[in-house]
Structure formats: structure tokens, C-alpha cells
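# Secondary and tertiary structure notes
Here are the chains, one letter per residue:
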Amino acid sequence: FLRGKSFLHRYTLESDAQARNNFQKAIKLDPNYSDAHTGLALSHLRDLLLSSSGSSTTSDQRNRENWIAHAFDAARKAVELDQDSSDAHLQVGTAYVWVEDFDSAILETELAVELNPSNAHARMALGNRLDLIGRNAEGILQMEHSLELNPRDPNRWNYMGYLSRAYLDSHQYDKALSWAKKSVAITT
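Our subject in this report is the structure included herewith. Here the structure is a predicted model, which is why all the values come from computation and not from measurement. (Residues numbered from 1 in each chain as written. Predicted model: local features only at pLDDT ≥ 70, side-chain atom pairs only at ≥ 80, totals over all residues. Heavy atoms only, no water.)

## Observations concerning the packing of aromatic side chains
For the structure on display, the rule yields 4 aromatic pairs. Consider the rings of Tyr 11 and Trp 157, whose centres lie 5.8 Å apart with planes at 70 degrees: the pair is edge-to-face. Within this pair, whereas Tyr 11 is found in the loop between helix H1 (2-8) and helix H2 (13-29), its partner Trp 157 is found in helix H9 (residues 156-169), the two being separated by 146 residues in sequence. Among the residues examined, Trp 157 registers a relative accessible area of 32% and is labelled partly exposed. Within the aromatic cluster, the residues linked to one another by ring pairs are Phe 1, Phe 23 and Tyr 33. Above the face of the Tyr 11 ring, Arg 46 is positioned so that its terminal group lies 4.0 Å from the ring centre. (Phe/Tyr/Trp six-rings, centres within 6.5 Å; stacked < 30°, edge-to-face > 60°. Helix = DSSP H or I, 4+ residues; strand = E, 2+ residues; numbered from the N terminus. Buried < 20%, exposed > 50% of the residue type's maximum accessible area, 1.4 Å probe, protein only. Lys NZ or Arg CZ within 6 Å of the ring centre and 35° of its normal.)

Here is the structure:
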């Protein structure tokens, strides 16, 4: 499971496949290990993110549909195994984003935050989703809180990019530029 999680920080399709392999091994050892199912869901969701080029070939659409189906299956299994898992609910919420069901995505992500108010990733995701539906000010508050909760998060650069976009969406261009520069500075 821990090896699988480490591969997810690399943000490549190849590392997602390695992560998925490790999560599947963990599930084989313990089919009731909710976190392994959560990681498996995230590996499929990450593939969606990395492959979202806007291509509309039949093959690309089929891959997208398969990734979404696998992500939902794994995330829902994780919730079934541990209904109090913040991360499991977060991945269900993320899967809903990919089918553009933002009401369900926000409900699941709010539940993830309620279950673990210190889950920085869930707060960032909630803020991002609120921004996507036009609730920019609420989204910014969640994202800023997320960055305060985990100042050493390896995905911090990515989260700063989301926050920059939220400030851009709310027409606060100086703050948007500031956060974009901070994001670039820690990736170089």
C-alpha cells in the first residue's frame, strides 16, 4: 500500500500503473483494506487527469469510461468497507467530478472534510470544486486553509495552481499572479 502511494506522487501514467499494481497486491493480501481500494480508485482518477487531452476518438472515450467505472467501483468499495474514511469519500467525490455531477461531488467532498477536518487534500478538493461551480470566495477559503494545514505537502505546487485559478476566476489578478509564481517557484 505504501509503495503504491509513493508512486502516485510522480504524476505519470507509468507510475499510476505501478501504484495500481501495488494496491492490487495489498487488496489481494487483505480484501477488506479500505485504504488500498481508495488508492486504487485514485490511480484510475489520476489516469483520467493525466490523459484529459480533450481527444474524442472512440478508443480515448472507451478508456475514459473504463477509468471512471473502475474509479467508482474502487472508491465505493472503500466507502463500503469504511464509511468513516475521509479519503474514500473524497475519491467518490472526485469520480463524480469526472461525470460532471458537481452536486454529488461537493456532497461527498463536504462529508470527507466533516469526517476529517484536518484532511488538507479534501479541503483543497472542496475548494477547487466550489470554485468550479462559481462559489469562488468559499473555494478560496477552503484552499487557503488546506495550504495552512499541510505546508510540506508534495502536491503543494499543484494546489497553489488551483488557488491561483480561483483568484483569477474571482478577478483578483494580483493574487492570482502571486500564487502562480509561488507554484512555479517550488517546481523549479
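## Overview of the pattern of salt bridges
In total, this model carries 5 salt bridges according to the counting rule given. Put simply, Glu 138 and Arg 135 hold a salt bridge, and the shortest N to O gap is 2.8 Å. Looking at Arg 135, the relative accessible area reads 33%, which means it is partly exposed. In this structure, a network of salt bridges that share partners links the residues Asp 131, Arg 165 and Asp 169. (Salt bridge = Lys/Arg side-chain N within 4 Å of Asp/Glu carboxyl O.)

## Considering the environment of Asp 35
The residue Asp 35 is located in helix H3 (residues 34-51) in this model. Overall, the relative accessible area of 31% leaves Asp 35 in the partly exposed class. Separated by 43 residues in the primary sequence, Asp 35 and Ala 78 place their C-alpha atoms 6.7 Å from one another. Contact partners of Asp 35, with chain neighbours within four places excluded, come to Phe 1 and Ser 85. (Contact = heavy atoms within 4.5 Å.)

## Digging into the nonpolar core
For soluble globular proteins, nonpolar side chains are generally found buried alongside one another. Grouped together as the largest cluster of nonpolar side chains are 26 residues, with contacts concentrated most on Leu 45 and Leu 48. When residues of this core are traced back to their parent elements, those giving at least two are H1, H2, H3, helix H4 (58-81) and helix H5 (86-98). Considering each element in turn, this core owes the most residues, 8 residues, to H4. Apart from residues no more than four positions distant in its own chain, Leu 45 is found in contact with Ala 71, Gln 91, Thr 94, Ala 95 and Trp 98. Residues Ile 140, Leu 147, Tyr 159 and Leu 163 belong to the second largest nonpolar core, which totals 11 residues. (Core = buried A, V, L, I, M, F, W, Y, C linked by side-chain atoms within 4.5 Å.)

## Quick notes on the packing of helix H7 (residues 120-132) against H9
For the pair H7 and H9, interaxial distance at closest approach is 10 Å and the crossing angle is 25 degrees. Accordingly, the angle class assigned to the pair H7 and H9 is roughly parallel. Our pair here, H7 against H9, has a crossing hand that is left-handed. Between H7 and H9, the contacting residues are His 121, Met 124, Asn 128, Asp 131 and Leu 132 on the first element and Tyr 159, Tyr 162, Arg 165, Ala 166 and Asp 169 on the second. Looking at the contact of H7 with H9 residue by residue, the class counts come to 5 nonpolar, 2 polar and 3 charged. (Axes fitted to C-alpha atoms, helices over the stretch in contact; angles between N-to-C directions. Parallel < 35°, antiparallel > 145°, perpendicular 65-115°, else oblique. Left-handed = near helix turned anticlockwise from the far one by under 90°. Nonpolar A, V, L, I, M, F, W, Y, C, P; charged D, E, K, R; others polar.)

Scope: geometric values only; no functional claims are made or implied.
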